[in-house]
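A look at the structure
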Amino acid sequence: MTAPTLTTARLRLRPPTMADAAPMAERRSDPETAQFQAWPQPYTVEKAERMVAGLIEQGGPARGCWYQWVLERVSDGEVVGDIAFRLDADGHNGEVGYVLWPWARGHGYATEGTAAAIEYGFTEWGLHRIEAELDPRNTGSIRVLERLGFRHEGNQIEAYWVGDTVTDSGHYGLLRREWEAHRAGHQD
Ligand SMILES: CC(C)(COP(=O)(O)OP(=O)(O)OC[C@H]1O[C@@H](n2cnc3c(N)ncnc32)[C@H](O)[C@@H]1OP(=O)(O)O)[C@@H](O)C(=O)NCCC(=O)NCCS
C-alpha cells in the first residue's frame, strides 16, 4: 500500500525517509524526553535507521504492526516530532503514541497530530477502539489523551519498565462512537 500523508490545520503527518532516522534517534536520546519511555538508552542512529528502513518497506500502517509518521509544521516544513500508530492483527483496535522535540511543546502539536491519526484509524481502517499506554507520572502525555477524549481505564501495577525501574502502566481507551461525540463537541 502507499503510505498516507495526513494534513491538519498546522501540521502534516508524512511517511518517514532515511534522512529522518538520525533526528529520530536524537529525539529519543534526550534524557528528559526518554524519562518515561521503555526504549533503550542511548537510542542509536543505527537502531533508528533499522526502524525507518522497516517502515519504508512496510509502506504504511498495516495490521499487526506499528507505523511512525513524521510530524511536520506546514508553515515552514520544520519537523516537530513523530506520531506512532499501531493496528492490531484483527483490525479492530489501534494504539497511538507521540514524541515532540522539547522546543515544539506547549503549542498543541501532539494533540493535533494524534487527532489526525485517530481520525484516520476510525475512518480509513474502521477501528472500533484506540488505546494508549503510559507511565502514570507522564502528566504531559495524560493531558494530551484527556484533551482527545480518552478514558483512563486503570493501571496495571508494576508492569511498566523504564530501564531498571518498574512503575505502574496506565491504560487509556477511546471508542469510535466516543470519538465522534468528542469531535462533534469541538466543532465551532
Ligand atoms: C507528551 C508530549 C508529546 C506532550 O507535549 P505537549 O506539548 O504538552 O502536548 P501538545 O503538543 O498537545 O500541547 C499541549 C500544550 O500546549 C498548550 N497549547 C498552546 N497552544 C495550543 C493550541 N493551539 N492547541 C492546543 N494546545 C495548545 C496546551 O495548553 C497544552 O499545555 P498544558 O498541557 O500545559 O495545558 C511531550 O511532553 C513529549 O514529547 N514527551 C516525551 C515523549 C513522551 O513521553 N511521549 C508520550 C508517550 S506515552
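Residues numbered from 1 in each chain as written. Predicted model: local features only at pLDDT ≥ 70, side-chain atom pairs only at ≥ 80, totals over all residues. Heavy atoms only, no water.

1. With respect to the nonpolar core
- Ranked by size, the top nonpolar core spans 47 residues in total, and within it Leu13, Trp69, Phe85, Ile118 and Phe150 carry the most contacts.
- By residue number, the principal contributor to this core is helix H4 (residues 109–124), which donates eight residues.
- When sequence neighbours within four positions are dropped, the list of residues in contact with Ile118 reads Val96, Ile130, Leu148, Phe150, Leu174 and Trp179. (Core = buried A, V, L, I, M, F, W, Y, C linked by side-chain atoms within 4.5 Å. Buried < 20%, exposed > 50% of the residue type's maximum accessible area, 1.4 Å probe, protein only. Helix = DSSP H or I, 4+ residues; strand = E, 2+ residues; numbered from the N terminus. Contact = heavy atoms within 4.5 Å.)

2. Concerning the packing of aromatic side chains
- For the structure shown, the criterion picks out five aromatic pairs.
- Ring centres 6.1 Å apart and planes at 80° place the aromatic pair Trp39 and Tyr43 in the edge-to-face group.
- Given the relative accessible area of 17%, Trp39 is considered buried.
- Taking the relative accessible area as the measure of exposure, Tyr43 reaches 7% and is therefore buried.
- An aromatic cluster is defined as three or more aromatic residues linked by ring pairs; in this entry it consists of Tyr67, Trp69, Phe85 and Tyr120.
- The ring of Trp101 carries the charged tip of Arg27 above its face, separated from the ring centre by 5.0 Å.
- Between the NZ or CZ atom of Arg28 and the centre of the ring of Trp39, over which it lies, the distance is 5.2 Å. (Phe/Tyr/Trp six-rings, centres within 6.5 Å; stacked < 30°, edge-to-face > 60°. Lys NZ or Arg CZ within 6 Å of the ring centre and 35° of its normal.)

3. Re the site of the ligand
- Tyr98, Gly106, Ala110, Thr111 and Arg143 are the nearest of the 20 residues found near the ligand.
- Take Thr111: an N or O atom from its side chain is 2.5 Å from an oxygen atom of the ligand.
- Burial of the ligand by the protein amounts to 71% of the accessible area it has alone, namely 940 Å².
- Among the elements of the structure, strand E5 (93–100), H4, strand E6 (129–134) and helix H5 (139–147) are those that each provide at least two residues to the shell around the ligand.
- A per-element tally of the shell around the ligand places H5 first, with four residues.
- Partitioning the shell around the ligand into residue classes produces seven nonpolar, eight polar and five charged. (Near = heavy atom within 4 Å. Polar contact = N/O pair within 3.5 Å; in protein donor to acceptor, adjacent residues only side chain to side chain. Areas by Shrake-Rupley, 256 points an atom, 1.4 Å probe, with all protein chains shown as cover. Nonpolar A, V, L, I, M, F, W, Y, C, P; charged D, E, K, R; others polar.)

4. Thoughts on the pairing of strand E7 (residues 151–162)
- Across eight bridges, the pairing between E7 and strand E8 (residues 165–175) is antiparallel. By the bridge assignment for E8, Tyr160 is matched with Thr167.
- Remark: two residues form the turn of the hairpin made by E7 and E8, two consecutive strands paired antiparallel; Gly163 in that turn has positive phi of roughly 65°. (Pairing = 2+ DSSP bridges.)

5. With respect to the side chain of Arg73
- Within the element layout of this structure, Arg73 appears in strand E3 (residues 66–73).
- One polar contact links Arg73 to Asp76, side chain to side chain, over a distance of 2.8 Å.
- At 3.3 Å, the side chain of Arg73 and the side chain of Tyr109 are in polar contact.
- Those residues in contact with Arg73 that lie beyond four places of it in its chain are Arg10, Leu11, Arg12, Glu78, Val80, Trp103 and Tyr109.

6. Examining the packing of helix H1 (residues 21–29) against helix H3 (residues 45–58)
- At a closest axis distance of 8 Å, the pairing of H1 and H3 adopts a crossing angle of 125°. One element, H1, and the other, H3, form an angle in the oblique class. In the crossing of H1 with H3, the sense of the turn from one axis to the other is right-handed. Here Ala21, Ala22, Met24 and Ala25 of H1 lie close against H3, whose contacting residues are Val45, Ala48, Glu49, Met51 and Val52.
- Among the residues forming the contact of H1 with H3, the class breakdown is eight nonpolar, no polar and one charged. (Axes fitted to C-alpha atoms, helices over the stretch in contact; angles between N-to-C directions. Parallel < 35°, antiparallel > 145°, perpendicular 65-115°, else oblique. Left-handed = near helix turned anticlockwise from the far one by under 90°.)

7. Section: the pattern of salt bridges
- Under the definition given, this model contains 15 salt bridges.
- Linking Glu131 and Arg129 is a salt bridge whose minimum nitrogen-to-oxygen distance equals 2.8 Å.
- Assessed through its relative accessible area of 17%, Arg129 is described here as buried.
- The partner of Glu153 in a salt bridge is Arg151, and the shortest N-O contact between them spans 3.0 Å.
- What emerges from the salt-bridge pattern is a single network uniting Arg129, Glu131, Arg151, Glu153 and Glu178. (Salt bridge = Lys/Arg side-chain N within 4 Å of Asp/Glu carboxyl O.)

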